[in-house]
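Fold and geometry: a report
Each chain is listed here by its residues.
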Amino acid sequence: MRKILITGALGQIGSELAEEMRKIYGSDNVVASSRRIKEGHEKLIESGPFEVINVNDPETLASVVDKHKINTIVNLAAILSAVGEKEPQQCWNINMNGLYNILEIAKEKNCMVYTPSSIAAFGPATPKDNTPQDTIQRPTTMYGVTKVAGELLCDYYYKRFGVDTRGVRFPGLISYKTLPGGGTTDYAVHIYYEALRNKKYSSFIQKGTYMDMMYMPDALRAIINLIEAAPDRLKHRNAFNVSAMSFEPEMLAESIRKFMPEFKLDYDVDPIRQEIADSWPNSLDDSYAREEWDWNPEYDLDSMTKDMLEKLRIKLNIQG
Ligand code: SER
């Protein structure tokens, strides 16, 4: 039976993954954890076991793994790209040293480790369109550096110590439950909130900047399906390209206008996040994920927009 520990469980992915995994595996079998308790997550904290864990504290990590007889660790504690450029040392410390602690504990206590990589693991020298699974990875952000190093570390722990490591390179993730915390792709979440609140949005990412994106239900399926995939089918240990859609701000605005014709988009570009976006691919080739564990996303831009606007309208209590 799976006994799962999720780190960073109150973040954008973790808060939804914990809820979904508790439905699938049973509440008692999914331990949610976070560096600190955050307001607004009472329901999740009370719906099953919860532990305060700092991934930089290996003793607490190990004792929680023992206490709950954990055999699967989903490591979602991380600093994202834009915050990582403001605090590169902190980004290295949480993303790299945290992952190292988790891999060491997984080695000792025989756990599977799922840890996400990102489109940020690529850089300006990477082929931009239909970016291959195995290609040049020379990122120019600290976040990207930790993602490439994390991929290599997972490969190493798999080959050298037999730790069952798995991961995907997530694109920008769009969701309505928990806001992302300081990424470059966050404009594609904020735009929906502002569309509903003010019928307009000022984008910090420039017109014409393509990036891969995915709706959260597909991202959750990617994690769960990869965790459940037969190990002998997996030739890539960390991490698989996955893709669902690629768009630039005007295309997103056009999709919103199909449901809210009065919506207006203008630009107030943030040079730091624009430079990060310009260093990333436009779209990834995810054929190995499709081949090795049957990856197949369900949402495209318009079906995502329809669902986002419906769900956010209820969440924000906006009529009409
Ligand atoms: N969404 C992330 C970011 O923008 C990319 O992995 O930082």
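Above this note sits the structure.
These remarks concern the structure in this document. As the structure is a computational prediction, the values presented were derived from the model and not from experiment.

1. Description of the nonpolar core
Within the largest apolar cluster, 63 residues are counted, with the highest numbers of intra-cluster contacts made by I174, Y187, Y192 and F247. If we skip the residues at most four places from it in the chain, Y187 touches Y201, S203, F204, I205, M211, M213, F247, E248, P249 and L252. One finds L10, F50, Y114 and L220 within the second-largest nonpolar core, a separate group that totals 37 residues.

2. Focus on the sheet that holds strand β11 (residues 211-215)
With mixed pairing, the three strands of this open sheet are ordered in space as β9-β11-β13. The sheet is open, and its two borders are formed by β9 (172-174) and β13 (245-247), each paired with just one other strand. Averaged over all adjacent pairs, the angle separating strand axes in this sheet is 40 degrees, with direction ignored. Two elements, β9 and β11, share three bridges in a ladder whose sense is parallel. The residue bridging I174 from the neighbouring strand is Y215, located in β11. Against the sheet, helix α7 (residues 187-198) contacts β9, β11 and β13, and its axis sits at roughly 25 degrees relative to β9. Strands β9 and β11 of the sheet are contacted by helix α8 (residues 216-228), whose axis makes an angle of about 85 degrees with β11.

Conventions we followed
- Within each chain, residue numbers correspond to sequence positions counted from 1 in written order.
- Totals for whole chains, interfaces and linings use every residue, but because this is a predicted model, local features are given only for residues with pLDDT of at least 70 and side-chain atom pairs only at 80 or more, for both listing and counting.
- Computation of side-chain values covers all heavy atoms of the structure but excludes hydrogens and water.
- As used in this record, nonpolar core signifies buried Ala, Val, Leu, Ile, Met, Phe, Trp, Tyr and Cys residues forming a set joined through side-chain atoms within 4.5 Å.
- Residue exposure (1.4 Å probe, protein chains only): buried if accessible area is under 20% of the type maximum, exposed if over 50%, otherwise partly exposed.
- Should any heavy atoms of two residues lie within 4.5 Å, those residues are counted as being in contact.
- Here a strand pair is declared whenever DSSP counts at least two bridges between the two strands.
- Each helix is a run of DSSP H or I of at least 4 residues and each strand a run of E of at least 2, with the numbering of both proceeding from the N terminus.
- Lines fitted to the C-alpha atoms define the axes, with helices restricted to the stretch that makes contact. Angles between their N-to-C directions range from 0 to 180 degrees.

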